Amino acid sequence: MQDIVQKLLDEALEERSDLFLLDLSISLDNSIKVVIDGDNGVLVEDCMYVSRAIEHNLDRDEHDFSLEVLSAGAAAPLKMPRQYTKHVGRNLQVKTEQGESFEGQLKSVEDDTILLTWKTREPKPVGKGKITVTKEQVIAFVDIKEAIVKIKF
């Protein structure tokens with residue numbers, strides 16, 4: 001069942017290159033759960049497209065299954081480097097494999113790294129008081145343990 005569904009998904013996503021697979025799981029009772037994302041976000045129509053591509057090509061007499069196709073959701077951690085590009089300009093909370101934590105604006109995404117910037121108050125080099133400085137951190141994708149988009153209301 002896994003191979004059949006994966007093949008149908010691959011074909012559907014090949015036709016819609018703006019969509020990509022984040023997760024596919026099939027339980028023992030043939031409950032299929034597909035999580036997708038898109039370069040421009042995911043609409044209900046996109047979920048329907050993927051759902052139909054699977055459902056219309058599986059024989060219900062041969063396989064008894066349930067199917068759920070959904071988008072990653074706004075609060076879900078980013079899993080793939082491809083997801084970061086659409087979030088340039090937004091604030092991210094990033095935890096690294098080394099135990100560090102950074103929160104800042106995603107300024108750029110390269111092949112294997114991201115650049116975060118943020119403002120902080122630091123003591124003046126000379127005299128009393130503080131000044132606002134801009135900090136930046138380049139983080140490799142392999143070093144990212146978790147990255148979450150910070151949503152402001």
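All of the points below concern the structure found in this document. Small disclaimer: the values here were computed from a predicted structure and weren't measured.

1. Focus on helix α1 (residues 2-15)
With 14 residues, α1 should cover 20 Å at 1.5 Å per step; its first-to-last C-alpha distance of 20 Å lies within 8% of that length. Along α1, the residues that are buried comprise Val-5, Leu-8, Leu-9, Ala-12 and Leu-13. Relative to the axis of α1, the buried residues are bounded by an arc of 130° and lie together on one face. Set apart from the buried face of α1 by more than 90 degrees, the exposed residues are Asp-3, Lys-7 and Glu-14. Here the buried face of α1 lies against β1 (19-26), β2 (31-38) and α2 (44-55).

2. What about the packing of aromatic side chains?
Per the stated rule, a full pass over the model turns up 2 aromatic pairs. Here Tyr-84 and Phe-141 contribute two aromatic rings whose centre-to-centre distance is 5.0 Å and whose plane-to-plane angle is 65°, an arrangement assigned as edge-to-face. Taken as a pair, Tyr-84 in helix α3 (residues 81-84) and Phe-141 in the loop between β7 (130-140) and β8 (144-149) lie far apart in primary sequence, 57 residues in all. As far as the burial class goes, Tyr-84 and Phe-141 line up, both buried. Between Phe-102 and Trp-118, the ring centres sit 5.9 Å apart and the planes meet at 40°, which makes this aromatic pair tilted. Residue Phe-102 is found in strand β5 (residues 101-109), and its partner Trp-118 is found in strand β6 (residues 113-123); the two are separated by 16 residues along the sequence.

3. Here we look at the nonpolar core
One finds Val-5, Leu-9, Ile-32, Val-34, Val-50, Ile-54 and Leu-58 to be the most contacted residues of the largest nonpolar core, which totals 15 residues. If you list the elements that add at least two residues to this core, you get α1, β1, β2 and α2. Counting residues per element, this core draws most heavily on α1, at 4 residues. Look past the residues within four positions of Val-5 in its chain and what remains in contact with it is Leu-24, Ile-26, Ile-32, Ile-54 and Leu-58. One finds Tyr-84, Phe-102, Ile-114 and Phe-141 within the second-largest nonpolar core, a separate group that totals 13 residues.

4. A few points about the packing of α1 against α2
Running from N to C, α1 and α2 point in directions that differ by 135°, and their axes come no closer than 9 Å. With respect to their mutual orientation, α1 and α2 come out oblique. Seen along the crossing, α1 lies across α2 with a hand that is right-handed. Residues Val-5, Leu-8, Leu-9, Ala-12, Leu-13 and Glu-15 of α1 touch α2, and the partners they reach there are Tyr-49, Val-50, Ala-53 and Ile-54. Here the residues of the contact of α1 with α2 are counted per class, giving 9 nonpolar, no polar and 1 charged.

5. Re the pairing of β2
Burial analysis of β2 places 6 of its 8 residues in the buried class, the great majority of the element. Where β1 meets β2, 7 bridges bridge the pair, whose relative direction is antiparallel. Note on β2: the bridge partner recorded for Leu-19 is Gly-38. Counted between consecutive antiparallel strands, the loop separating β1 from β2 contains 4 residues, among which Asn-30 sits at a positive phi close to 60°. As judged from the 6 bridges shared by β2 and strand β3 (residues 66-71), these two strands associate in the parallel manner.

6. Some words on the sheet that holds β1
In spatial order, the strands read β1-β2-β3; together these 3 strands make up an open sheet with mixed pairing. The sheet is open, and its two edges are formed by β1 and β3, each paired on a single side. For this sheet, the mean inter-axis angle between neighbouring strands, taken without regard to orientation, is 20°. Strands in contact with α1 are β1 and β2; relative to β1, the strand with the most contacts, it is inclined by about 170°.

What counts and how
- Residues numbered from 1 in each chain as written.
- Predicted model: local features only at pLDDT ≥ 70, side-chain atom pairs only at ≥ 80, totals over all residues.
- Heavy atoms only, no water.
- Helix = DSSP H or I, 4+ residues; strand = E, 2+ residues; numbered from the N terminus.
- Expected span 1.5 Å × (residues − 1).
- Buried < 20%, exposed > 50% of the residue type's maximum accessible area, 1.4 Å probe, protein only.
- Arc of directions from axis to C-beta.
- Contact = heavy atoms within 4.5 Å.
- Phe/Tyr/Trp six-rings, centres within 6.5 Å; stacked < 30°, edge-to-face > 60°.
- Core = buried A, V, L, I, M, F, W, Y, C linked by side-chain atoms within 4.5 Å.
- Axes fitted to C-alpha atoms, helices over the stretch in contact; angles between N-to-C directions.
- Parallel < 35°, antiparallel > 145°, perpendicular 65-115°, else oblique.
- Left-handed = near helix turned anticlockwise from the far one by under 90°.
- Nonpolar A, V, L, I, M, F, W, Y, C, P; charged D, E, K, R; others polar.
- Pairing = 2+ DSSP bridges.

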